[in-house]
Number of protein chains: 4
Amino acid sequence: MGNMKAAVFVEPGRIVLDSKPIPEVGPLDALVKVTTTTICGTDVHILRGEYPVSKGLTIGHEPVGVIEKLGSAVTGYEEGQRVIAGAITPSGHSNACLCGQPSQDGAGTRHGFRPLGGWRFGNTIDGCQAEYVLVPDAMTNLASVPRELTDEQVLMCPDIMSTGFAGAESGGVKIGDTVAVFAQGPIGLCAAAGARLMGATTVIAVDTVRERLAMSRSLGVDHVVDFKAGDPVEAIRQLTDGRGVDVAIEALGTQGTFEGALRSLRPGGTLSSLGVYSSDLRIPLDAFSAGLGDNRIVTSLCPGGKERMRRLMSVIASGRVDLKPMVTHRFTLDEIEQAYELFANQRDGVLKVAITP
Amino acid sequence: MGNMKAAVFVEPGRIVLDSKPIPEVGPLDALVKVTTTTICGTDVHILRGEYPVSKGLTIGHEPVGVIEKLGSAVTGYEEGQRVIAGAITPSGHSNACLCGQPSQDGAGTRHGFRPLGGWRFGNTIDGCQAEYVLVPDAMTNLASVPRELTDEQVLMCPDIMSTGFAGAESGGVKIGDTVAVFAQGPIGLCAAAGARLMGATTVIAVDTVRERLAMSRSLGVDHVVDFKAGDPVEAIRQLTDGRGVDVAIEALGTQGTFEGALRSLRPGGTLSSLGVYSSDLRIPLDAFSAGLGDNRIVTSLCPGGKERMRRLMSVIASGRVDLKPMVTHRFTLDEIEQAYELFANQRDGVLKVAITP
Amino acid sequence: MGNMKAAVFVEPGRIVLDSKPIPEVGPLDALVKVTTTTICGTDVHILRGEYPVSKGLTIGHEPVGVIEKLGSAVTGYEEGQRVIAGAITPSGHSNACLCGQPSQDGAGTRHGFRPLGGWRFGNTIDGCQAEYVLVPDAMTNLASVPRELTDEQVLMCPDIMSTGFAGAESGGVKIGDTVAVFAQGPIGLCAAAGARLMGATTVIAVDTVRERLAMSRSLGVDHVVDFKAGDPVEAIRQLTDGRGVDVAIEALGTQGTFEGALRSLRPGGTLSSLGVYSSDLRIPLDAFSAGLGDNRIVTSLCPGGKERMRRLMSVIASGRVDLKPMVTHRFTLDEIEQAYELFANQRDGVLKVAITP
Amino acid sequence: MGNMKAAVFVEPGRIVLDSKPIPEVGPLDALVKVTTTTICGTDVHILRGEYPVSKGLTIGHEPVGVIEKLGSAVTGYEEGQRVIAGAITPSGHSNACLCGQPSQDGAGTRHGFRPLGGWRFGNTIDGCQAEYVLVPDAMTNLASVPRELTDEQVLMCPDIMSTGFAGAESGGVKIGDTVAVFAQGPIGLCAAAGARLMGATTVIAVDTVRERLAMSRSLGVDHVVDFKAGDPVEAIRQLTDGRGVDVAIEALGTQGTFEGALRSLRPGGTLSSLGVYSSDLRIPLDAFSAGLGDNRIVTSLCPGGKERMRRLMSVIASGRVDLKPMVTHRFTLDEIEQAYELFANQRDGVLKVAITP
């Protein structure tokens with residue numbers, strides 16, 4: 001079918017725009033012509049060699065596009081349809097999927113489970129920072145985009161919004177809860193928005209970057225805490241009048257944020273962890289009540305699948321949450337190396353970039 | 001009302017039988033004449049000074065007895081009635097109780113939560129290794145013992161059985177689950193029995209003490225793993241044909257058992273922790289899938305309250321689980337110092353002792 | 001302690017303002033001087049003799065007031081404190097409470113359960129349409145009102161808001177859900193607000209009264225359906241593009257609203273029923289998929305207790321929901337018979353009245 | 001591929017053994033050579049014309065067999081493998097599946113939901129009372145049978161056991177619960193076994209057929225109630241000392257059993273309905289506490305999918321439940337018309353029949 005441009009991992013420190021063949025379409029696949037995509041913090045880990053992927057792999061896991069070609073066994077879609085797919089593309093038929101844990105999908109493995117197995121785009125198969133992307137198990141993963149929503153409006157659905165909201169959902173946020181969110185990068189911002197959306201009545205956001213805290217406020221956060229201005233745990237204790245929070249969401253992946261989240265909890269509270277850690281974690285004995293505090297530590301990998309995407313798009317369409325302001329910069333696919341440079345170095349107050357092939 | 005004998009904490013290393021006044025009965029209390037009680041691993045921590053309590057406190061939190069006198073505001077009971085009370089005695093009216101977390105009860109504190117606040121007997125108020133014990137918030141805590149059950153049959157209900165079963169319950173054990181239990185002391189044995197009771201179809205118990213593994217088998221465990229005979233995580237992988245377990249229950253309180261439990265999980269599995277830890281815990285990055293494994297770590301403090309006791313006694317009465325063989329030794333209250341000596345040193349294959357005042 | 005004015009049930013058709021002794025305070029009670037209260041639809045059922053209560057009973061179950069006197073065993077409060085109590089006043093210590101079902105409290109009965117047993121005010125004990133009300137089990141039920149909230153702002157918490165929100169909570173509303181609410185009286189309005197608060201992205205309200213539909217819109221409902229303008233089930237089908245709703249909330253108590261709610265569900269959807277029915281209900285075979293639709297029908301009695309009240313007041317304090325506009329009319333206690341007249345006949349667009357003794 | 005024998009619906013009153021072409025295998029299908037199957041109560045409804053299916057359809061939805069041929073897109077299986085598939089064969093990729101409700105699967109429809117849509121075998125596609133059956137969405141549905149289990153041991157997994165256990169699971173049975181099961185046909189028997197397996201400590205079975213009540217006892221039911229010997233609701237009240245049951249499971253599909261189940265509940269209890277009803281249901285006002293009893297009525301269609309089948313087979317393999325005695329009669333496929341005659345008329349104490357092609 002000819003060639004296409006794609007952002008390809010070459011070696012640690014180098015993701016370059018290259019030319020690759022447009023992929024062949026298997027019976028369960030769909031070929032999607034990408035119209036907008038973005039760069040994720042995970043892609044920066046890949047760029048730096050901190051998360052290993054195969055050389056030559058196309059990076060990117062947040063596709064908005066148009067169906068170019070459907071696999072022979074795919075029904076219920078038509079070519080030309082505007083779609084998104086989640087960053088995580090579960091098969092639908094693995095034991096993990098049938099068990100309610102599609103992100104740990106291990107279709108084809110002996111037991112149907114594989115850690116992080118649902119994450120395929122830009123990890124185990126070619127991703128979507130390219131002109132075309134092949135979506136596996138298309139019937140499970142392609143979600144139709146409502147006409148009234150623009151590409152940029154739905155660009156956060158595949159990963160950032162799904163992951164952030166999962167922080168609130170796995171934390172079991174209830175009406176009247178107090179929730180603290182540690183770190184206000186794109187995922188932390190979405191976690192704060194998700195906690196509010198589920199009925200938390202006091203949402204406290206912790207960060208130090210001015211633009212991020214401003215964005216927190218505009219998403220409806222009740223209190224922001226600058227962790228450079230003093231101990232954030234102490235600040236949260238004061239804001240909660242000594243009670244501690246019902247749910248603390250960790251959204252960075254460091255010992256500091258993990259521990260801060262744990263120490264902010266009321267007895268019996270839940271720590272919902274979203275971060276990608278890069279070293280062992282320590283649970284301090286006192287913060288854990290020696291194991292007797294009825295605490296829960298839950299982790300979530302981004303939920304995927306077309307029903308999840310449909311629901312997230314309905315949040316956008318209903319106006320409940322507006323994430324468009326999170327797109328702070330725009331690039332063409334040809335400029336993607338510059339985009340990585342800006343995003344990886346967190347220049348210019350960047351939150352998320354839009355890449356248009 | 002005169003004096004009574006009671007096992008009292010004097011200083012680290014010394015719990016002695018002493019004479020104390022029989023307590024006054026407040027309006028919400030009940031005075032219970034103890035007929036049988038026991039010693040818990042936690043009491044040994046107290047004895048050794050590893051868990052600090054006030055000097056002069058009566059130890060013990062597992063009472064079986066007869067109501068001697070009811071507080072003026074207590075209704076629904078009568079003197080002479082045979083009762084038990086849980087090790088944890090929630091007030092019923094704190095915010096923690098009304099929130100579904102009675103073990104973290106903080107009645108009277110500003111927010112109604114206090115870590116471990118529901119644990120009062122032998123911790124913040126006098127316990128039941130005595131001739132009499134004052135049960136606070138009696139209407140919440142006194143559970144009538146069915147005539148057909150002996151003291152020894154219900155002796156495990158207040159703590160061991162409630163805690164052990166909570167390991168399975170908090171882990172969310174489902175029909176068809178595979179569950180591993182790390183350590184087969186009394187609580188681990190009850191956790192294994194609880195997992196089976198909830199529908200686990202493969203229960204794997206890890207320990208090394210011969211008597212305990214024999215008791216595991218008699219409680220219906222499917223496989224026992226001697227951790228001295230090889231890496232128990234590897235053994236569990238083999239027993240599960242490489243899949244890992246749905247739920248792993250930690251029942252000792254060490255880094256080794258915690259880490260073993262974590263490493264035994266399938267992707268998306270739950271670690272249910274029951275142990276009392278005495279130092280910081282480490283979560284190895286790989287065992288935690290860098291935070292992306294959809295894992296949950298949940299902790300449980302022994303559930304109390306009369307409804308819990310009623311349900312546990314119904315398990316005994318129905319014959320579903322028989323814990324009487326766990327009572328391996330018997331002493332009078334006068335012999336309690338010897339009982340501590342035996343139990344603290346795990347002599348003679350002791351599992352639990354019965355103390356009769 | 002002298003006498004007080006109270007609205008008393010005399011016989012069907014007659015609730016009159018009368019003089020009664022100010023009640024004696026038992027050890028677990030608190031005497032509250034009522035500063036604001038209101039009339040509920042249930043009170044109208046009582047007035048009409050449709051729901052039987054004892055002659056001479058003081059009516060009313062939605063108190064805002066100030067603690068006048070505390071029982072001898074009550075701690076954690078002080079006289080002069082501003083408080084509310086829920087319409088339902090669970091004991092905290094019954095088996096029902098300890099089982100997670102405080103509204104079915106049966107403290108003192110053999111099993112600790114009694115249908116509707118938690119509803120005591122204006123049902124089995126004197127209520128709060130009076131100068132003073134005795135709050136039973138005060139430590140379980142008295143919730144401190146934050147200084148910044150006015151009486152009218154918290155007046156909906158004891159019943160209307162707690163019941164309405166329970167409709168959404170028991171329905172298990174999730175992010176992205178579509179929810180229909182049948183009837184937009186005060187409880188239906190709160191149910192709609194609760195569904196939105198929990199993350200429903202399409203909330204559809206069904207009623208025909210102009211003022212109510214206007215109020216629905218101001219509370220954030222996405223679509224209103226006038227059931228007199230056509231079949232509401234058909235309208236909901238169209239609004240959901242043929243899918244049906246995830247959760248339908250019934251908020252009136254008639255066969256029509258019950259059946260409409262059932263017929264609006266998608267396969268596997270949940271009908272959450274709040275209404276007080278006055279005759280048998282019929283489940284049509286087709287609407288129920290012959291019992292094979294994985295449907296759930298759940299009912300909820302108003303949740304009470306101080307933690308519930310605290311959470312509802314935090315919803316108000318955070319500005320997430322503003323229910324003050326629901327108070328459409330104001331009366332003094334001396335005018336309560338007029339207030340009943342207006343409210344019972346739904347005159348003048350009345351939603352809720354405020355009564356100030 | 002030639003022809004095969006199949007039990008085909010001709011017209012109400014007539015299911016006959018006929019010859020049909022062996023089906024073609026599509027890319028996602030698997031052709032399974034049936035080694036054992038059975039007749040279900042639902043098949044009798046079809047026979048009688050009470051549940052309409054197309055003329056010429058092959059009946060039957062409980063297949064045990066061997067993979068004859070795999071579709072071109074199917075991976076993870078091999079020809080010759082022994083397998084079962086559930087009565088319900090979800091696609092895995094519909095919105096219903098991704099929402100946790102695979103039995104209401106509507107793959108290919110606009111919204112991905114269709115009432116009972118997951119039930120395809122012998123309903124919307126050819127079933128398995130034949131020499132061969134085509135299993136759709138094979139990767140979602142084919143479950144490998146462990147070598148140590150015989151055909152008859154796993155014959156209940158596809159429907160009876162999955163449905164019966166779902167009654168206990170949807171009812172939320174917990175440790176210490178009291179559960180009543182109305183009707184002890186094969187599904188009711190499995191519901192009782194499922195309730196016990198989940199930790200119910202008092203299981204009460206209601207029926208009148210002597211063989212069924214005997215089978216109840218052998219499956220571990222604690223009390224049997226003969227509804228012809230007196231009012232079963234009254235008997236249950238007495239057995240529960242006036243308390244009522246936590247969960248009542250309806251397993252027949254009549255007003256009488258539905259109402260009996262509802263009336264047996266304690267306040268706040270759950271009615272879990274499994275029956276296929278054939279007329280409207282009535283909810284008596286008093287039995288429903290006028291809608292204020294915090295009751296739940298939940299319905300379940302048989303859960304399917306390979307993970308469900310795997311778990312049910314592990315229940316059998318572990319020896320927790322032994323359902324082999326439920327197979328009371330055996331026939332060859334050639335004798336299937338006689339088998340229908342016996343089964344439809346409930347002759348000779350029949351519970352389930354095994355049919356071997």
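Draft legend 1. Fine view of the overall build of chain A. Each helix and strand counted, chain A has 11 helices and 18 strands in total. Judged by the C-alpha coordinates and their principal axes, chain A covers about 65 × 45 × 40 Å. Put simply, chain A has 357 residues, and 64% of those count as buried. Of all intrachain contacts in chain A linking residues separated by at least 6 positions in sequence, the fraction that spans at least 24 positions is 69%.

Draft legend 2. Broad picture of the relation of the copies chain C and chain D. Mapping chain C onto chain D leaves a residual RMSD of 0.0 Å; the transformation is a rotation of 180 degrees accompanied by 0.0 Å of translation along its axis. Given the turn and translation reported, the copies of this chain are related as if by a two-fold rotation axis. Interface overlap between copies: 100% of the residues of chain C at the interface are likewise at the interface in chain D, consistent with a symmetric, same-surface contact.

Draft legend 3. Broad picture of the sheet that holds strand β12 (residues 223-226) of chain A. The strand order β12(A)-β11(A)-β10(A)-β13(A)-β14(A)-β16(A)-β16(B)-β14(B)-β13(B)-β10(B)-β11(B)-β12(B) describes an open sheet built from 12 strands, whose pairing is mixed. The sheet is open, and its two edges are formed by β12 of chain A together with β12 (223-226) of chain B, each paired on a single side. Across the sheet, the mean angle from the axis of one strand to that of its neighbour is 20 degrees, orientation sign disregarded. Relative to strand β16 (residues 296-299) of chain B, strand β14 (residues 265-273) of chain B runs parallel, the two being bridged by four bridges. If you follow T270 of chain B over to β16 of chain B, its bridge partner there is R296 of chain B. Contacts between helix α6 (residues 186-197) of chain B and the sheet are confined to β10 (178-182), β11 (202-207) and β13 (245-250) of chain B, with β10 of chain B contributing the most and set at about 175 degrees to the helix.

Draft legend 4. Highlighting the interface of chain C and chain D. Each partner contributes residues to the interface: chain C has 41 residues there, and chain D has 41 residues. The set of elements that each furnish at least two residues to the side of chain C that touches chain D consists of β14 (265-273), β15 (281-283) and β16 (296-299) of chain C. Pairing analysis gives three bridges linking β16 of chain C to strand β16 (residues 296-299) of chain D, with the strands arranged antiparallel. Residue pairing across strands places V298 of chain C opposite R296 of chain D, the latter belonging to β16 of chain D.

Draft legend 5. The arrangement of the packing of helix α5 (residues 157-170) of chain D against helix α6 (residues 186-197) of chain D in detail. Residue and element names in this part refer to chain D. Two elements in contact, α5 and α6, have axes whose closest approach is 7 Å; the angle formed by their N-to-C orientations is 50 degrees. On the basis of their axis angle, the class for α5 and α6 is oblique. Regarding α5 and α6, the two cross each other, and that crossing is right-handed. Contacts between α5 and α6 involve I160, M161, T163, G164, F165, G167, A168 and E169 from the former and P186, I187, G188, L189, C190, A191, A193, G194 and A195 from the latter. Residues belonging to the contact of α5 with α6 are distributed by class as follows: 11 nonpolar, five polar and one charged.

Draft legend 6. Examining the environment of V353 of chain B more closely. Residues and elements named next belong to chain B. With respect to the helices and strands, V353 occurs in strand β18 (residues 352-356). Along the primary structure V353 and A261 are separated by 92 residues, whereas in three dimensions their C-alpha atoms are 28 Å apart. Apart from residues lying up to four places away in sequence, V353 is in contact with T38, I39, H329, R330, F331, A339 and F343.

Draft legend 7. Geometry of the interface of chain A and chain B. Taken together, the 41 residues of chain A in the interface contact 41 residues of chain B. Among the residues forming the side of chain A that touches chain B, the class breakdown is 17 nonpolar, 16 polar and eight charged.

Draft legend 8. A look at the domain arrangement of chain A. Residues and elements named next belong to chain A. For chain A, the assigned domains are domain 1 (3-86 + 121-156 + 323-356) and domain 2 (160-299). Here the C-alpha centroids of domain 1 and domain 2 sit 29 Å apart. Between domain 1 and domain 2, the residue contacts involve 12 residues of the former and 12 residues of the latter. Residue contributions to the side of domain 1 that touches domain 2 peak at three residues, all from helix α1 (residues 41-47).

Draft legend 9. Region of interest: the sheet that holds strand β4 (residues 64-70) of chain B. Residues and elements named next belong to chain B. Pairing is antiparallel in the open sheet, where five strands are placed in the order β8-β3-β4-β5-β9. Because the sheet does not close on itself, it has two edges, and the strands there are β8 (132-135) and β9 (143-144). The pairing of strand β3 (residues 30-36) with β4 spans six bridges and is classified as antiparallel. Bridge pairing links L31 to K69 in β4.

Draft legend 10. Layout of the packing of helix α8 (residues 232-239) of chain D against helix α9 (residues 255-264) of chain D. Residues and elements named next belong to chain D. Between α8 and α9, the least distance of the axes is 9 Å, while the angle of their chain directions is 25 degrees. Classified by the angle between their axes, α8 and α9 sit roughly parallel to one another. Handedness of the α8/α9 crossing: right-handed. On α9, the residues touching P232, V233 and I236 of α8 are G260, R263 and S264. The class makeup of the residues in the contact of α8 with α9 is three nonpolar, two polar and one charged.

Draft legend 11. Region of the structure containing the pairing of β4 of chain B. Relative to strand β5 (residues 82-84) of chain B, β4 of chain B runs antiparallel, the two sharing three bridges. Bridge assignment links V66 of chain B to a residue of β5 of chain B, and that residue is R82 of chain B.

Draft legend 12. Up close: the pairing of β13 of chain B. All names here are of chain B. Counting buried residues along β13, six of its six residues qualify, which places the element largely inside the surrounding structure. Across five bridges, the pairing between β13 and β14 is parallel. Counterpart to V247 in the pairing with β14 is T270. Remark: the β13/helix α9 (residues 255-264)/β14 crossover connection has right-handed handedness.

Draft legend 13. Spatial organisation of the environment of E307 of chain B. Mapped onto the elements, E307 of chain B comes out in helix α10 (residues 306-317). We classify E307 of chain B as buried; it has 23 C-beta atoms within 10 Å. Residues E307 of chain B and T140 of chain B, spaced 167 residues apart in sequence, show a C-alpha to C-alpha distance of 8.5 Å. Excluding anything up to four places from it in sequence, E307 of chain B contacts N95, L98 and C99 of chain C.

Draft legend 14. Molecular detail of the environment of S216 of chain C. All names here are of chain C. Mapped onto the elements of the fold, S216 is located in helix α7 (residues 210-218). Once the C-alpha coordinates of S216 and I204 are considered, the two residues, 12 residues apart in sequence, prove to be 9.2 Å apart. Residues contacting S216, with those up to four places away along its chain left out, are Q184, L189, A192, A205, V221 and V224.

Draft legend 15. Inspection of the confidence of the model for chain A at higher detail. The pLDDT averaged across chain A works out to 97; a share of 100% of its residues lies at or above 70. Model confidence for the complex is summarised by a pTM of 0.98, with the ipTM given as 0.97.

Draft legend 16. Structural context of α9 of chain B. Residue and element names in this part refer to chain B. Most of α9 sits inside the fold, with seven of its 10 residues counted as buried. Among the residues making up α9, those that are buried are T257, F258, G260, A261, L262, R263 and S264. Those residues of α9 that are buried lie in contact with β10, α8 (232-239), β13, β14 and β15 (281-283).

Criteria and cut-off values
- Residues numbered from 1 in each chain as written.
- Chains lettered and ligands numbered in written order.
- Predicted model: local features only at pLDDT ≥ 70, side-chain atom pairs only at ≥ 80, totals over all residues.
- Helix = DSSP H or I, 4+ residues; strand = E, 2+ residues; numbered from the N terminus.
- Buried ≥ 20, exposed ≤ 12 C-beta atoms within 10 Å, placed from the backbone.
- Contact = placed C-beta atoms within 7 Å.
- Least-squares fit on C-alpha atoms with pLDDT ≥ 70 in both.
- Pairing = 2+ DSSP bridges.
- Axes fitted to C-alpha atoms, helices over the stretch in contact; angles between N-to-C directions.
- Parallel < 35°, antiparallel > 145°, perpendicular 65-115°, else oblique.
- Left-handed = near helix turned anticlockwise from the far one by under 90°.
- Nonpolar A, V, L, I, M, F, W, Y, C, P; charged D, E, K, R; others polar.
- Domains from an automatic or database assignment.
- Right-handed = clockwise from strand over helix to strand, strands pointing away.
- pLDDT = per-residue confidence, 0-100.

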